[in-house]
Structures are given as structure tokens and as C-alpha cells.
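One-letter residues, chain by chain:
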Amino acid sequence: MNELTKPEQAGLLSLLRQDTVLPDVSDPYSREILLIETQVAGTTHVLGIEEVAPFLTEGETLTLKRVPDNPSDPWAIKVFNADGFKLGYVPRGDNLILARLMDAGKELFARLTEKIWNGQWLRLRIQIFLRDRGRS
């Protein structure tokens with residue numbers, strides 16, 4: 001029997017056991033490119049933000065969703081936490097190029113970098129990244 005098939009030794013077969021944790025190698029060429037640092041706009045208008053705020057943690061990944069049919073801003077981008085709760089929007093002054101990238105099929109996401117209550121206003125600072133899946 002060769003080294004890979006002997007069950008008593010740590011070989012290839014031991015790596016395939018269900019209880020073995022393997023590193024994520026699904027996309028080895030993927031990298032995250034920081035595009036902009038900004039804050040979430042409109043948090044004061046979000047119903048229930050007070051209940052969600054304690055569960056928001058710095059470093060958590062946030063989802064961005066384009067809203068091209070928004071009557072107030074055709075470049076609107078909503079910001080959601082991992083549970084799908086809308087936190088607000090990418091500010092109007094920062095969203096044009098980001099929206100164009102998203103419309104072109106690029107994958108953008110955000111990370112929460114700071115959470116501060118300022119009276120009734122929850123200030124959420126975020127960094128927005130482009131996930132580049134290109135080959136190096």
C-alpha cells in the first residue's frame with residue numbers, strides 16, 4: 001500500500017475527512033481593493049436602527065445594493081448588514097463611480113470601521129472595496 005492510502009498515516013486521505021478544516025482556496029487570485037472611505041447616509045431615517053446598532057461590530061462586512069430606480073438619486077446604493085437590515089445609503093457625493101462599477105458587474109462590498117452615537121444620529125463609517133477576481 002502506498003503512503004496516500006495507509007489510514008494510520010496523515011496523508012491525502014486524512015485531509016479529505018469531513019472533520020478536517022481546509023483553507024479557502026476557491027479563488028486564489030481574488031483580492032480586495034479599497035476604493036473609498038465614507039459614512040452611511042440616512043441612518044436617522046431608518047426605523048429600528050436603535051435596536052440593530054448594538055449588534056453592529058467594527059470590521060463586519062456589509063452588503064451594497066444598487067437602486068437605479070430611486071426617484072431621488074439614480075446612482076443610489078443601499079447599505080445592509082449581514083442580516084439584511086437596511087442601514088442607509090452610500091452618500092450621494094460618493095456614489096456615482098461606485099454605482100457605475102456595480103452596473104458594469106463589479107462586486108463591491110463595505111466594511112464597518114466605526115460606530116458612534118452623536119445624539120440621535122448613528123454615525124457609521126465604512127470602507128468600500130472592489131473584489132477583484134482577476135488573474136495576477
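Below, the structure is looked at part by part.

Rules and cut-offs
Residues numbered from 1 in each chain as written. Predicted model: local features only at pLDDT ≥ 70, side-chain atom pairs only at ≥ 80, totals over all residues. Heavy atoms only, no water. Helix = DSSP H or I, 4+ residues; strand = E, 2+ residues; numbered from the N terminus. Buried < 20%, exposed > 50% of the residue type's maximum accessible area, 1.4 Å probe, protein only. Contact = heavy atoms within 4.5 Å. Polar contact = N/O pair within 3.5 Å; in protein donor to acceptor, adjacent residues only side chain to side chain. Phe/Tyr/Trp six-rings, centres within 6.5 Å; stacked < 30°, edge-to-face > 60°. Lys NZ or Arg CZ within 6 Å of the ring centre and 35° of its normal. Salt bridge = Lys/Arg side-chain N within 4 Å of Asp/Glu carboxyl O. Arc of directions from axis to C-beta.

### Points about the overall build of the protein
Then, number 1: Assigned secondary structure in the protein consists of three helices and six strands.
Then, number 2: The buried share among the 136 residues of the protein stands at 30%.
Then, number 3: By sequence separation, contacts in the protein at least 24 residues apart represent 58% of the contacts at least 6 residues apart.

### So, the side chain of Arg66
Then, number 1: Relative to the helices and strands, Arg66 is located in strand S2 (residues 61-66).
Then, number 2: Here Arg66 falls in the buried class, since its relative accessible area comes to 13%.
Then, number 3: Polar side-chain contacts of Arg66 include one of 3.2 Å to the backbone oxygen of Pro74.
Then, number 4: Those residues within four positions of Arg66 in sequence are excluded, and the remaining contacts are Pro74, Trp75, Ala76, Ile77, Ala99, Met102 and Asp103.

### Focus on the packing of aromatic side chains
Then, number 1: Applying the stated criterion to the full structure yields one aromatic pair.
Then, number 2: With a centroid separation of 5.4 Å and an interplanar angle of 15°, the aromatic rings of Phe109 and Phe129 are classed as stacked. Note that Phe109 is positioned in strand S5 (residues 107-118) and Phe129 in strand S6 (residues 121-132), a separation of 20 residues in sequence. Side by side, Phe109 and Phe129 carry an identical accessibility label, which is buried.
Then, number 3: Geometry around Phe129 places Arg111 over its ring, the cationic atom sitting 5.1 Å from the centre.

### Thoughts on the pattern of salt bridges
Then, number 1: All chains considered together, the criterion is met by six salt bridges.
Then, number 2: As a salt-bridge pair, Arg111 and Glu32 come within 3.0 Å of each other at their nearest N and O atoms. Separated by 79 residues along the polypeptide, Arg111 in strand S5 and Glu32 in strand S1 (residues 31-39) bring together distant segments of the chain.
Then, number 3: By relative accessible area, which is 39% here, Glu32 ends up partly exposed.
Then, number 4: Here Arg133 and Glu107 are joined by a salt bridge, their closest N and O atoms 3.0 Å apart. Of this pair, Arg133 sits in the segment after S6 while Glu107 is found in strand S5, placing the two residues 26 residues apart along the sequence.
Then, number 5: Assessed through its relative accessible area of 43%, Arg133 is described here as partly exposed.
Then, number 6: Judged by relative accessible area, Glu107 falls into the partly exposed class, the value being 32%.
Then, number 7: Among the charged side chains, a salt-bridge network with shared partners connects Glu32, Glu107, Arg111, Arg131 and Arg133.

### Points about helix H3 (residues 95-103)
Then, number 1: The set of residues buried in H3 consists of Asn95, Leu98, Ala99 and Met102. Looking straight down H3, one finds that the buried residues subtend no more than 100° of arc, so they occupy a single side.
Then, number 2: Tucked inside the fold, the buried residues of H3 contact S1, S2, strand S3 (77-80), S5 and S6.
Then, number 3: At the exit of H3 stands Gly105, carrying a positive phi of roughly 95°.

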